Amino acid sequence: MTMVAVTEGYRMWAPTYSEETAISSLENDAVKALTPTLAGRRLLDAGCGTGRRLRSAGAAIAIGVEPVPEMVAAGVAVDGPLTDVEIVTGDVRHIPMPSRAFDVVWCRLVLGHLPSIGEAYAELARVADYGATVVVSDFHAAAVEAGHRRSFRAGAKVIELEHYVHRAEDHIEAASVAGLVFRDMRESAIGPDVRSFYERAGKIGEYARHAGLPVVLTLSFRRER
């Protein structure tokens, strides 16, 4: 397995990143469960990748921030031009958006790539309006402890992206310091809902070993001050 820096890794991963996986499917279900109705609301996806989740969000305003242009280009190549969605180049630690600009803020499977999450939470809180919902997902610490990695295949190589473990209490503490109030949490585990991903890959034996393992941590917060 080859370890690479995050930005370079996502450049390499971009051509195949839009393919749904067991992890991304579980994460999407959890985010949907913790996100309020988006109709009429202003939505920011900080670290939006290919922008695929913004396409069907149904928000009045949908904006993505992404530091790797190749990811956005790959999304357009697979799904066509983005309609009614704006994507700007930026980093979750320095979001190029005005303060109090959004009613809902997503940050999905991003913060695990950062050694420290306090600065990112300060930015997520800053761009959230009063009363806004902030939803953050991360690779679950239990998955890392079980040997899972943020990785993908590039030809014959397995590429692992730089990753750091942040537990639920780390997220909640960083969010609190930033002025966000913890509301709810989901710990999504491998189970029947994603069995088909293993079956299609011919890895049903791995499914039996992974069943019940939490792989995605998703938390929701509210900006109240």
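Residues numbered from 1 in each chain as written. Predicted model: local features only at pLDDT ≥ 70, side-chain atom pairs only at ≥ 80, totals over all residues. Heavy atoms only, no water.

Taken together, three strands build an open sheet; the order of strands is 1-8-7 and the sheet is mixed. For this open sheet the edge positions go to strand 1 (2-4) and strand 7 (151-154), each flanked by a neighbour on one side alone. Taken pair by pair, the neighbouring strands of this sheet meet at an average axis angle of 35°, ignoring direction. Across four bridges, the pairing between strand 7 and strand 8 (residues 157-161) is antiparallel. In the sheet register, serine 151 faces strand 8, and the bridge partner there is glutamate 160. In the packing of helix 1 (residues 6-13) onto the sheet, the strands contacted are strand 1, strand 7 and strand 8, and the crossing angle to strand 8 comes to about 140°. (Pairing = 2+ DSSP bridges. Helix = DSSP H or I, 4+ residues; strand = E, 2+ residues; numbered from the N terminus. Axes fitted to C-alpha atoms, helices over the stretch in contact; angles between N-to-C directions. Contact = heavy atoms within 4.5 Å.)

Across the 10 residues of strand 10 (residues 214-223), eight count as buried, placing the element largely inside the fold. In terms of strand pairing, strand 6 (residues 128-139) meets strand 10 through seven bridges, oriented antiparallel. Within strand 10, the position partnered with valine 135 by the bridge is serine 220. Where strand 9 (residues 180-189) meets strand 10, nine bridges bridge the pair, whose relative direction is antiparallel. (Buried < 20%, exposed > 50% of the residue type's maximum accessible area, 1.4 Å probe, protein only.)

Purely geometric numbers; function is a separate question.
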